[in-house]
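Spelled out from the first residue to the last, the chains are:
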Amino acid sequence: MSDNESMHSEDEDQQFQPSLDISALPVVVKNRVKALKKLQFETVKAESDYYKEIHALDVKYQKLYDAINVKRTGVIKGEHEPAGDEIDWPSDEEDEDAEKKPEDLANDVEKLTLKDYDENTKGIPKFWLHTLKNANEEALMGLIEPHDEPILEHLTDITVSLNEPKNTGFTLTFHFSPNPYFTNPTLTKEYELRDGPDPESPLEYDGPEIFRCKGCKIEWKEGKDMTQKTVKIKTIKSRKGAKGSPEKAVTKEIPADSFFTFFSPPDVPEDPKAEVSDDNRAVLAIDFDVGFAIKEKIITRAVLYFTGDLFEDDDEFEDCDTEEEDDEDDEEGEK
């Protein structure tokens, strides 16, 4: 760790101290500060009303998004074959292909021969698997493990429903085709929102916030639970001279990393004053971020995650950063 990083870490560990000791102010000034806080609370109430109107718009437009996404699902599942104006969309690859020689195009066709995809392919197989894999680091905090992928091949859609009329939460529904792993046709994750100021700290209001979530029970088929793994504790040796009593392994189930732990989050007590462990707080913080990302980014921009288009601009920025770093290194080397 560099000296700068060490100093930065020490600064973070120190508790924040305001530049002015408010408790030492004269009473008359303290009263003016109280008046400012009361005015701030008026701003909070206005902001709360603003978000209520935004939610009404969200509900209105979610119905439009849902109708569009039904069409998207039809294409993905192969229930509808797009044609004509539906496929009139230019792509960078087509522009590049127009400039290539026939022999180059032949080589590209060889490279693009993928398992599961040919001219007789129905729909877009494994669309959501590839979408989530591409979003894994950027939006899902790396939750997807390699052993989850065969299950996610059976994921056919992800939908969201908003609570109404009040903005009290939303539900994510993951739709699966029949598969050898569990019997549930859908898996759900419900998020509860606090749509107004927290009575305990009203001036900290910064819009609706997730404060609790609830998963669902996955009906795993025997031996298919990806959220658990079996480990051997010890081996009981056979007794000397005993017939028919071979060595016996003692095993136990322990939690395993898996995307499907997403559906069994830690419980949050109904009592807002109840203690939540630091470990559970950390898990819930990640969970809330992932749930919000699925709702706001993955469902709405699924095709851009599937193709990787969403990351192209990021790559350009990374290239710029690398060039700047190289230039700085060259300048330092010349000194």
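In what follows, the accompanying structure is described. (Residues numbered from 1 in each chain as written. Predicted model: local features only at pLDDT ≥ 70, side-chain atom pairs only at ≥ 80, totals over all residues. Heavy atoms only, no water.)

**Brief notes about the overall build of the protein**
Per the secondary structure count, the protein includes nine helices and six strands. Residue pairs in contact within the protein that sit at least 24 positions apart in sequence constitute 60% of those at least 6 positions apart. Carbon and sulfur atoms provide 51% of the accessible area of the protein, an area that totals close to 24,200 Å². (Helix = DSSP H or I, 4+ residues; strand = E, 2+ residues; numbered from the N terminus. Contact = heavy atoms within 4.5 Å. Areas by Shrake-Rupley, 256 points an atom, 1.4 Å probe, with all protein chains shown as cover.)

**Looking at the sheet that holds strand 2 (residues 169-176)**
An order of 1-2-3-4 is seen for the four strands of this open sheet, with the pairing classed as antiparallel. The outermost strands of the open sheet, each flanked by one partner alone, are strand 1 (155-162) and strand 4 (209-214). On average, each strand axis in the sheet is tilted by 20 degrees relative to the strand beside it, whichever way the strands run. (Pairing = 2+ DSSP bridges. Axes fitted to C-alpha atoms, helices over the stretch in contact; angles between N-to-C directions.)

**What to know about a nonpolar patch on the surface**
A contiguous nonpolar patch, built from Leu 57, Tyr 61, Leu 64, Tyr 65 and Ile 68 and spanning about 480 Å² of accessible area, is present on the exposed surface. Here Ile 68 is to be found in helix 2 (residues 27-77). Residue class for Ile 68 comes out exposed when judged on its relative accessible area of 52%. (Patch = residues over 30% accessible without salt bridge, like charges linked within 9 Å, V, L, I, M, F, W, Y side chains within 5 Å. Salt bridge = Lys/Arg side-chain N within 4 Å of Asp/Glu carboxyl O. Buried < 20%, exposed > 50% of the residue type's maximum accessible area, 1.4 Å probe, protein only.)

**Regarding the nonpolar core**
Core analysis: the largest hydrophobic core is formed by 46 residues, its most contacted members being Leu 172, Phe 174, Phe 182, Phe 260, Phe 262, Ile 294 and Ile 298. With six residues, the single largest contributor to this core is helix 7 (residues 278-298). Each residue touching Phe 174, except ones within four places of it in the same chain, is listed here: Leu 155, Asp 157, Ile 158, Pro 185, Thr 186, Leu 187, Phe 259, Phe 262, Phe 263 and Ile 294. (Core = buried A, V, L, I, M, F, W, Y, C linked by side-chain atoms within 4.5 Å.)

**Observations regarding unusual backbone geometry**
Cis rather than trans, the peptide bond between Glu 164 and Pro 165 has omega equal to 5 degrees. Note that Pro 165 resides in the loop between strand 1 and strand 2. Unlike most non-glycine residues, Lys 126 shows phi in positive territory, near 60 degrees. Phi is positive for Met 141, close to 55 degrees, though the residue is something other than glycine. Tracing the sequence through the fold places Met 141 in the loop between helix 5 (127-135) and helix 6 (149-152).

**Remarks on helix 2**
For helix 2, with 51 residues, the first-to-last C-alpha span of 70 Å sits near the 75 Å given by 1.5 Å per residue. Three or more residues of helix 2 are buried, namely Val 44, Ser 48, His 55, Val 59, Gln 62, Asn 69, Arg 72, Thr 73, Gly 74 and Ile 76. Contacts from the buried residues of helix 2 go to helix 5, strand 1 and helix 8 (302-307). Following helix 2 by one or two positions, Gly 78 adopts a phi angle in the positive range, close to 85 degrees. (Expected span 1.5 Å × (residues − 1).)

**Notes on the pattern of salt bridges**
By the definition in use, this model includes nine salt bridges. Notably, a salt bridge pairs Glu 164 with Lys 63, separated by 3.6 Å at the nearest N-O pair. Residue Glu 164 is found in the loop between strand 1 and strand 2, and its partner Lys 63 is found in helix 2; the two are separated by 101 residues along the sequence. Of the charged contacts, one joins Arg 212 and Glu 192 as a salt bridge, the two residues approaching to 3.1 Å between their closest N and O atoms. One end of the pair, Arg 212, is in strand 4; the other, Glu 192, is in strand 3 (residues 186-194), with 20 residues separating them in the sequence. Residue class for Arg 212 comes out buried when judged on its relative accessible area of 9%.

**As for the packing of aromatic side chains**
Scanning the model with the defined rule gives 20 aromatic pairs in all. Look at Phe 174 and Phe 262: their rings are 6.2 Å apart centre to centre, the planes differ by 75 degrees, and that puts the pair in the edge-to-face class. Separated by 88 residues along the polypeptide, Phe 174 in strand 2 and Phe 262 in the loop between strand 6 (248-255) and helix 7 bring together distant segments of the chain. Note on Phe 174: relative accessible area 1%, which makes it buried. Classification of Phe 262 by relative accessible area gives buried; the value is 3%. (Phe/Tyr/Trp six-rings, centres within 6.5 Å; stacked < 30°, edge-to-face > 60°.)

**Here's the deal with the side chain of Thr 131**
Take Thr 131: it is sitting in helix 5. At 2.8 Å, the side chain of Thr 131 forms a polar contact with the backbone oxygen of Phe 127. In this structure, Thr 131 is in contact with Ile 298, Ala 302, Tyr 305 and Phe 306, ignoring residues within four places of it in sequence. (Polar contact = N/O pair within 3.5 Å; in protein donor to acceptor, adjacent residues only side chain to side chain.)

**Some words on the pairing of strand 3**
The two faces of strand 3 differ: Leu 187, Lys 189, Tyr 191 and Leu 193 on one face are buried, but Thr 186, Thr 188, Glu 190, Glu 192 and Arg 194 on the other face are not. Pairing analysis gives five bridges linking strand 3 to strand 4, with the strands arranged antiparallel. By the bridge assignment for strand 4, Glu 192 is matched with Arg 212.

**Structural notes on helix 7**
Given a rise of 1.5 Å per residue, 21 residues ought to cover 30 Å, and the 28 Å separating the end C-alpha atoms of helix 7 matches this to within 8%. Those residues of helix 7 that are buried lie in contact with helix 5, strand 1, strand 2, strand 3, strand 4 and helix 8.

**Details of the environment of Gly 123**
Relative to the helices and strands, Gly 123 is located in the loop between helix 4 (102-111) and helix 5. For the pair Gly 123 and Glu 79, spaced 44 residues apart in the sequence, the C-alpha separation amounts to 7.3 Å. If we ignore the near neighbours within four places in the chain, the residues touching Gly 123 are Val 75, Ile 76, Lys 77 and Gly 78.

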